[in-house]
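A look at the structure
The primary structure of each chain is shown beneath.
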Amino acid sequence: MTADTREHILTCGGRIIHHKGFTATGLQEILQAAGVPKGSFYFYFKSK
């Protein structure tokens, strides 16, 4: 499930960044769209 969740975060992030732009997109917005708690972000990625 880890790889699926990681891919889901990337997909959601890509959509938001595509629509709003990189600088207008926040990590919290991506995680909220993906349904992933902020505290577990670093489990899936080493850094932002």
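Before reading further, recall that the structure is shown in the block above.
Below: a short report on this structure. (Residues numbered from 1 in each chain as written. Predicted model: local features only at pLDDT ≥ 70, side-chain atom pairs only at ≥ 80, totals over all residues. Heavy atoms only, no water.)

1. Things to note about the overall build of the protein
- In terms of helices and strands, the protein carries three helices and zero strands.
- Element order for the protein, N to C, with α for helix and β for strand: α-α-α.
- Across its three principal axes, the protein shows a C-alpha extent of roughly 30 × 15 × 15 Å.
- Across the 48 residues that make up the protein, the buried fraction comes to 27%.
- Here the contacts in the protein between residues at least 6 apart in sequence split such that 35% fall between residues at least 24 apart. (Helix = DSSP H or I, 4+ residues; strand = E, 2+ residues; numbered from the N terminus. Buried < 20%, exposed > 50% of the residue type's maximum accessible area, 1.4 Å probe, protein only. Contact = heavy atoms within 4.5 Å.)

2. A closer look at helix α1 (residues 2–20)
- Over its 19 residues, α1 extends 27 Å from the first C-alpha to the last, a length consistent with the 27 Å expected when each residue adds 1.5 Å.
- Where α1 is concerned, the buried positions are Thr-5, Ile-9, Cys-12, Gly-13 and Ile-16. Across the axial projection of α1, the buried residues extend over an arc of 100°, all falling on one side. Those residues of α1 that are exposed and aimed more than 90 degrees away from the buried face are Ala-3, Asp-4, Arg-15 and His-18.
- Residues of α1 that are buried in the fold lie against α2 (27–34) and α3 (41–44).
- A positive phi of about 95° marks Gly-21, the residue just after α1. (Expected span 1.5 Å × (residues − 1). Arc of directions from axis to C-beta.)

3. Digging into the pattern of salt bridges
- For the structure shown, the criterion picks out one salt bridge.
- Notably, a salt bridge pairs Lys-20 with Glu-29, separated by 3.0 Å at the nearest N-O pair.
- Relative accessible area serves as the criterion here: at 43%, Lys-20 is assigned to the partly exposed category. (Salt bridge = Lys/Arg side-chain N within 4 Å of Asp/Glu carboxyl O.)

4. Here we look at the layout of surface pockets
- Considered as a void within the structure, the largest pocket measures approximately 290 Å³ in volume.
- Ile-17, Leu-27, Ile-30, Phe-41 and Lys-48 are, among the 14 residues lining the largest pocket, the residues nearest its centre.
- Elements with a minimum of two residues in the lining of the largest pocket: α1 and α2.
- Of the residues forming the lining of the largest pocket, the biggest block, five residues, is contributed by α1. (1 Å grid on protein atoms, 1.4 Å probe; cavity = no way out; pocket = protein on both sides within 12 Å on 5 of 7 lines; lining within 4 Å. Points joined across faces, edges and corners; volume = space filled by probe spheres on them.)

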